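If you want the building blocks of each chain, they are given just below.
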Amino acid sequence: MGLLKCATNFRCRAVRLKGLKYSTRAKMKQGYQQANVVILHKDLADDFEAFCRANSSPLPLLYRSKCGEWSCGPLATGSDIREDCPEYCVFENGVLMKKVASLSSYTPQLQDMVTFYLGCSFGFESALKAAGVPVRNVEQGKNVSMYKTSVACIRAGQFHCPMVVSMRPVPEDKLDNAAQSTHGIPLAHGGPVHIGDPKLLGIQDLSQPDYGDPVKQCPGDVPVFWACGVTGVEAVQSCKSALAFTHSPGCMFITDQKAETISSLTLEPAQCPLSFCISQNPQHYSIASKRAVQQIRAIEELVVEDPGSRGIRALFLQDELLKACLSLSHSSSVLITTGFPTHYMHNPPEETDGPPGAIAMAAMLQALRKEVVIVTDGRALEMNQHIMRDAVEKGVIKTAVPVISFQSNGPDSALHFLCHDGDPTKPRFDHLVAIERSGRATDGNYYNMRGVNIKHLVDPIDDLFTTASTIAGITTTGVGDGGNELGMGKVKAAVKAYMPNGNLIACDVAADFAITAGVSNWGGYAVACALYVLNLCPIHWRYLHSGLGLSLTPDQQSLWMACLPTVAKEEEMLHILVKYGVRSGKTANLGLEVDGLTFHPYHSDIIQRLRNLTLA
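Thresholds, definitions, all that
- Position numbers for residues count from 1 along each chain, tracking the sequence in the order it is written.
- Predicted model: local features are reported for residues with pLDDT of at least 70 only, side-chain atom pairs are reported and counted for 80 or more only, and whole-chain, interface and lining totals are derived from all residues.
- Working from all heavy atoms in the structure, the side-chain values ignore hydrogens and water.
- UniProt positions are given in the numbering used here, feature names are shortened, and annotations may be inferred rather than shown by experiment.
- Here a cavity denotes grid points, spaced 1 Å and computed from the protein atoms alone, that fit a 1.4 Å probe unable to get out, and a pocket denotes an open set having protein on both sides within 12 Å along at least 5 of 7 lines; residues with an atom within 4 Å of a point are the lining.
- Grid points are joined across faces, edges and corners, and a volume is the space filled by probe spheres set on the points.
- What counts as a helix is a DSSP run of H or I of at least four residues, what counts as a strand is a run of E of at least two, and both are numbered from the N terminus.
- Note on residue categories: nonpolar means Ala, Val, Leu, Ile, Met, Phe, Trp, Tyr, Cys or Pro, charged means Asp, Glu, Lys or Arg, and polar means any other residue, Gly included.
- For every element, the axis is a line fit to its C-alpha atoms; helices are fit only across the contacting stretch, and the angle between N-to-C directions ranges from 0 to 180 degrees.
- Angle categories are assigned with fixed cut-offs, so that under 35 degrees is roughly parallel, over 145 is roughly antiparallel, 65 to 115 is roughly perpendicular, and the rest are oblique.
- Here, residues are in contact when the closest pair of their heavy atoms is within 4.5 Å.
- Any residue under 20% of the maximum accessible area for its type is buried, any over 50% is exposed, and the rest in between are partly exposed; the area is computed with a 1.4 Å probe on protein chains only.
- By definition, two strands form a pair when at least two bridges between them are found by DSSP.

The name an unreviewed UniProt entry gives the chain is D-glutamate cyclase, mitochondrial, with Sinocyclocheilus rhinocerous as the organism. Looking at the Sequence similarities (unreviewed entry) heading of the UniProt record, one finds this comment for the chain: "Belongs to the D-glutamate cyclase family." Here is the UniProt Catalytic activity (unreviewed entry) comment for the chain, exactly as written: "D-glutamate = 5-oxo-D-proline + H2O".

Okay, empty space enclosed by the protein next. Tallied over the entire structure, the rule returns five cavities of 30 Å³ or more. The computed volume of the largest cavity comes to approximately 80 Å³. Along its surface, the largest cavity is lined by Thr338, Pro355, Ala358, Ile359, Ile374, Thr376, Asn384, Ile387, Met388, Val403 and Met573. Elements represented by at least two residues in the lining of the largest cavity include exactly α11 (355-367), β15 (371-376) and α12 (381-393). The class makeup of the residues in the lining of the largest cavity is eight nonpolar, three polar and no charged.

This paragraph deals with the packing of helix α9 (residues 290-303) against helix α21 (residues 599-614). Orientation of α9 relative to α21, taken along the N-to-C sense of each, is 170°, at an axis distance of 10 Å. With respect to α21, the element α9 is oriented roughly antiparallel. Counting all contacts with α9, which are made through Gln295, Ala298, Ile299, Leu302 and Val303, the residues of α21 involved are Ile606, Arg609, Leu610, Leu613 and Thr614. For the contact of α9 with α21, the class distribution of residues is seven nonpolar, two polar and one charged.

Attention now moves to unusual backbone geometry. The omega angle of the peptide bond from Asn281 to Pro282 is 5°, so this bond is cis rather than trans. When you line up the elements, Pro282 lands in the loop between β12 (273-280) and β13 (283-289). Phi at Ser309 is positive, roughly 50°, even though this residue is not glycine. Inspection of the secondary structure assignment puts Ser309 in the loop between α9 and α10 (320-330). Owing to a relative accessible area of 63%, Ser309 belongs among the exposed residues under this scheme. The phi dihedral of Ala588 falls on the positive side, at around 65°, and the residue is not glycine. Position of Ala588 relative to the elements: it lies in the loop between α20 (567-579) and β20 (593-594).

Turning to the sheet that holds strand β8 (residues 194-196), a few remarks are in order. Within a sheet, neighbouring strands are paired by backbone hydrogen bonds and run either parallel or antiparallel to one another. Spatial ordering of the open sheet is given by β6-β7-β9-β8-β13-β12, a layout of six strands whose pairing is antiparallel. This sheet does not close on itself; its edge strands, each paired only once, are β6 (145-152) and β12. Along the sheet, successive strands turn relative to each other by an average axial angle of 35°, direction set aside. As paired elements, β8 and strand β9 (residues 221-227) share two bridges and run antiparallel to each other. The partner of Ile195 across the bridge, within β9, is Val224. On the sheet, helix α7 (residues 175-183) packs against β7 (162-171), β8, β9, β12 and β13 and is oriented at approximately 135° with respect to β12.

Structure (structure tokens):
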């Protein structure tokens, strides 16, 4: 009993030193869980609890008091919420009226009020340090930087507001440590909700935080953002209650619990989050679990098999499929292009590799609620529109994707095609994908694998990719199986060194990500499968939705599964292509064949193995 009294007295002395700066108080109670505080009239309490439950990342609920209850026994023995925060904010009708060092003068009003204690990110700073991650705000003796975002919390009753985030600069080589050490502490906001450019959260200037102090980044640091309990302050302002109180940002309620005791998740190794850079313009990282990453790597390895013995393994770059699909998962509008008119002696000159993979990707992207458009050569526009119509009728894809063409009418044609009013700050698409699409060589011509120039059959869709490389916010992916496809300029040196006619045929236009496959259609199937895996990954799903949103529903999973490639759908797709005279790339055979490989057993075997890996 004496030890308990001693601990309680120490706590009371520490929190009542009102004049101390955050850094001093944090050192005094380093390693103890802290709590954000919101105090509301009892009539609003149920709505606010619902708001917390719906937005658990910024507002993890540690304890809801009874009406008029000052103490918080489960969190701190002998506490008194009227005195135990170093500073309080007083709100009237949603407006901050003043800051006070005590709420004792409001005791009569507090009789009808309920106190909410919410988890705080200061509770995981000891976990960051233990993982070898420097905590810059502590190093600099400053309060953490906190910012309002453009991310709207899920509304409940009268409560609606933007999410607030805290930012800590983290060395790039410590990003995985930061994510892994915090993800298992959901009562202190859990893992990051964004890594990279603050503008993607609607934050314009890191040097001007809405709450707290500006924290300087060191060379090599990346801004990492966690959901923040100061969201509760914004929520209080949104409800415009006659009277409400919160802690003053950075002046939290300090509990008697060690921070490590609030870790309620034991992360299995397979569920550890891993981070990957998916864009440098703007800087953007995404996250997925180790299990999802391993699953996608297995898919990637499968589709790079080379039954045609073309030596395409020399073009392979690991994790291009993973990073492309992470980027696609974050996208909202995707432009897909395909079409390789290798059979210049036939009409139509197109081959059966490309369109099936394009439609497989489009089907999954549509299921994930992305806007999708396909762009093709003007001379093949009507045929591809008919192919799309038939694909819908035969159940290959649920909803028709618009099929359009692009013609260059001047130096700014690509810019106006990609962006509203030609304004590079207003792109229509945030991801471009080329699959088995003729790619421009260094000399400006387009070559098939035999070295025949087919430029007269190709529209300059490459211009869209070269222009996209200059526009912030547009990412590009190329899928190919020989190195002469649009986007495969990323592996141009390998194409020239290892592929037949490589010096002549190598595509000169690079994409951000280059997916190599034994047959390009397989790369398209792999994208659809990898997107399915990612969106079923709870760690990626949480990050994708900035820590907000409801859990996946069985209906969503069923819809996505129905959009995966199947042997039956892809066989039907080949029948449609044959109907329109589209031929196998290597042999020009008009039949169920792609790149000289018959659908059975080669392609059907790959599709079934892909499904087995995806659904494992």
